Amino acid sequence: DGAPNGGEAAADTDPLNPASVFRIERFFDETEFYTVQFTSSVNRVYTLQGTSDPADPGSWQASGPLRKPGPGGLMSIKEENRGARRFDRVLVELPP
């Protein structure tokens, strides 16, 4: 499906299925909060990270719950809307 096999293994997706890829599905920008939605795996934990400078690898900070277990299917993580320009990503890890 074009995604590297290492990334597929980390995200617990199927490298032989083009529809099985990890990606942010929806983003809701609300007044006080914003919400990121993505397809999760029960075999992974997820942390929303944010930065104002994505070119600086050391600037990414957790901006929601740490290592939130995936329920399988669509998952949402909500973060306080700070009003400043931010870039977000979802860190996918094996459970501790």
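It should be noted that the structure appears before, not after, this text.
Report on the accompanying structure. (Residues numbered from 1 in each chain as written. Predicted model: local features only at pLDDT ≥ 70, side-chain atom pairs only at ≥ 80, totals over all residues. Heavy atoms only, no water.)

### What about the overall build of the protein chain?
Basically, it comes down to this: The secondary structure listing takes helices from DSSP runs of H or I that are at least 4 residues long and strands from runs of E that are at least 2 residues long, numbered from the N terminus. Every radius of gyration here is taken over C-alpha atoms, with the globule rule written as 2.2 Å times N^0.38, N being the number of residues. Any residue under 20% of the maximum accessible area for its type is buried, any over 50% is exposed, and the rest in between are partly exposed; the area is computed with a 1.4 Å probe on protein chains only.
Each helix and strand in the protein chain was counted, giving one helix and seven strands. In the protein chain, the order of α-helices and β-strands from amino to carboxyl end is α-β-β-β-β-β-β-β. A compact globule built from 96 residues would reach a C-alpha radius of gyration of about 12 Å, and the protein chain, at 14 Å, matches this within 12%. Overall, the protein chain is about 40 × 25 × 25 Å in size when its C-alpha atoms are taken along their principal axes. In the protein chain, buried positions account for 29% of the 96 residues.

### Things to note about the pairing of strand S2 (residues 33-40)
Spelled out, the test is: Should DSSP find at least two bridges between two strands, the strands are taken to pair.
In terms of burial, S2 is a largely internal element, six of the eight residues being buried. Relative to S2, strand S1 (residues 24-29) is paired through five bridges, and the arrangement is antiparallel. Paired with phenylalanine 28 across the two strands is threonine 35, which belongs to S2. As consecutive antiparallel partners, S1 and S2 are separated by three residues.

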